[in-house]
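Structural overview for review
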Amino acid sequence: MVTLLWEGHRDRHPGGLTSAPVTLKAAQAAVHLAVTLVQWIAAGTIRRKP
């Protein structure tokens, strides 16, 4: 999930091979994904690999 969120914002750098217009649905999905990750990290549900 972190990789999906991290690599999914390439639209901020236009002109690259993976740049694409951002849709409202894609932006909403990214926000929901980020909120879920923050909640899980804050609760201690997920942690970094040792």
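Structure first, text after, so check above.
The following paragraphs examine the structure supplied in this document. For every chain, the first residue of the written sequence is number 1, and numbering continues from 1 onward in sequence order. Where totals are concerned, whole chains, interfaces and linings use all residues; where local detail is concerned, this predicted model gives features only for residues with pLDDT of at least 70, and gives and counts side-chain atom pairs only at 80 or more. To get the side-chain values, all heavy atoms of the structure are used, and hydrogens and water are removed first.

Strands here mean DSSP runs of E at least two residues long; helices mean DSSP runs of H or I at least four residues long; both are numbered from the N terminus. When helices and strands are counted, the chain shows 2 helices and 0 strands. In the chain, buried positions account for 4% of the 50 residues. Buried, partly exposed and exposed residues are distinguished by accessible area as a fraction of the type maximum, computed with a 1.4 Å probe on protein chains only: under 20%, between the cut-offs, and over 50%, respectively.

The span one expects for a helix is its residue count, reduced by one, times 1.5 Å. Taking 1.5 Å as the rise per residue, helix H2 (residues 24-43) with 20 residues should run 28 Å; its terminal C-alpha atoms sit 29 Å apart, in good agreement. Positive phi shows up at Gly44, right after H2, with a value of about 80°.

Once that is clear, we can look at a nonpolar patch on the surface. Only residues whose relative accessible area exceeds 30% and that form no salt bridge enter a patch; like-charged residues are grouped when within 9 Å of one another, and nonpolar side chains (Val, Leu, Ile, Met, Phe, Trp, Tyr) when within 5 Å. Areas reported as accessible are Shrake-Rupley estimates using a 1.4 Å probe. Residue values count occlusion only from the protein chains shown. For salt bridges, the criterion is a side-chain nitrogen of Lys or Arg within 4 Å of an Asp or Glu carboxyl oxygen. Taken together, the side chains of Met1, Trp40, Ile41 and Ile46 define a hydrophobic patch exposed on the protein surface, amounting to about 360 Å² of accessible area. Mapped onto the elements, Ile41 comes out in helix H2. Residue classification places Ile41 among the exposed positions, given a relative accessible area of 51%.

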